[in-house]
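Here's the letter readout for the chains.
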Amino acid sequence: MQDWLKKLFAEPQTLGIIVTSAAVGLFAGLAQGVVEKRHGGWGGFLRAVLTGIAVAVIVGLGIEGFVASETLRLAIVGGCAVVSEDIWMGLRTLGGTMRRDPFGFLVRVLDAIRGRDYSARRSGGAGITDPAPLHDEKGKP
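Residues numbered from 1 in each chain as written. Predicted model: local features only at pLDDT ≥ 70, side-chain atom pairs only at ≥ 80, totals over all residues. Heavy atoms only, no water.

A short note on the pattern of salt bridges
According to the stated counting rule, one finds two salt bridges in the structure shown. For E85, the salt bridge goes to R47, with nearest N and O atoms at 4.0 Å. With a gap of 38 residues between them, E85 in helix α4 (residues 84–100) and R47 in helix α2 (residues 12–62) connect regions that are remote in the sequence. A residue is classified by how much of its surface remains accessible, and E85, at 14% relative accessible area, is buried. Judged by its relative accessible area of 43%, R47 is partly exposed. Linking R73 and E70 is a salt bridge whose minimum nitrogen-to-oxygen distance equals 2.5 Å. Here the residue R73 and the residue E70 both occupy positions in helix α3 (residues 70–82), the gap between them amounting to three residues, near one helical turn. Judged by relative accessible area, which is 41%, E70 ranks as partly exposed. (Salt bridge = Lys/Arg side-chain N within 4 Å of Asp/Glu carboxyl O. Helix = DSSP H or I, 4+ residues; strand = E, 2+ residues; numbered from the N terminus. Buried < 20%, exposed > 50% of the residue type's maximum accessible area, 1.4 Å probe, protein only.)

This is how it looks when you write it as structure tokens:
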């Protein structure tokens, strides 16, 4: 935490990035909050605004050194703030899955990286095994 404080006070553009990202997140969160208000009440409205701001600030700080153009950076931050609810729900789902079954989560991630279909796996008696190669009726691979 001390490094973030040093960076915040040593580099003035960091504070500007936080403020501009939070403003973009606030506007995106307000827009989403209007929709959430209709369906989720004031709690949904507040959650949408706070999630939009949090995701926007995190993304803004994350891409600070990688994106040189201010306009492109704000566009990326705005896009992420618009889909912030989906990002947040995805992270919550990943965390819950990882907490329930860490080994299975790791296997699914490795299958996704390798381009394999996890649902095609069959569980054997001793654990997870690779499925047999698929052949058509004539025996051609």
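Quick look at the nonpolar core
In terms of nonpolar packing, the biggest core is built from eight residues, these being A28, V55, A56, V59, I63, V67, V77 and A81. Element by element, the count of residues in this core is highest for α2, at four residues. With near-sequence residues (within four places) excluded, V77 lies in contact with S21, V24, A56, V59, G60 and I63. (Core = buried A, V, L, I, M, F, W, Y, C linked by side-chain atoms within 4.5 Å. Contact = heavy atoms within 4.5 Å.)

Section: the packing of aromatic side chains
What the rule picks out here adds up to one aromatic pair. Ring centres of W42 and F45 lie 5.7 Å apart, and the angle between their planes is 85°; this geometry places the pair in the edge-to-face category. Here W42 and its partner F45 are both found in helix α2, three residues apart, which amounts to about one turn of the helix. Looking at W42, the relative accessible area reads 61%, which means it is exposed. Judged by relative accessible area, which is 21%, F45 ranks as partly exposed. (Phe/Tyr/Trp six-rings, centres within 6.5 Å; stacked < 30°, edge-to-face > 60°.)

Overview of the confidence of the model for the protein chain
Interpretation of this model should avoid reading the predicted coordinates in detail wherever pLDDT is low. Looking at the protein chain, pLDDT values average 78 and 78% of them are 70 or higher. Averaged pLDDT values over the elements of the protein chain bottom out at 48 in strand β2 (residues 128–129) and peak at 89 in α3. This model gives residues 124–132 a pLDDT under 50, and the stretch forms 14 contacts once residues within four places in sequence are excluded. (pLDDT = per-residue confidence, 0-100.)

Here's the deal with α3
Note: α-helices contain 3.6 residues per turn, so residues at a spacing of three or four share the same orientation. Here α3 is 13 residues long and its end C-alpha atoms lie 18 Å apart, about the 18 Å a rise of 1.5 Å per residue gives. Residues of α3 that are buried: R73, V77, G78 and A81. Relative to the axis of α3, the buried residues are bounded by an arc of 130° and lie together on one face. For α3, exposure combined with an orientation more than 90 degrees from the buried face picks out T71 and A75. (Expected span 1.5 Å × (residues − 1). Arc of directions from axis to C-beta.)

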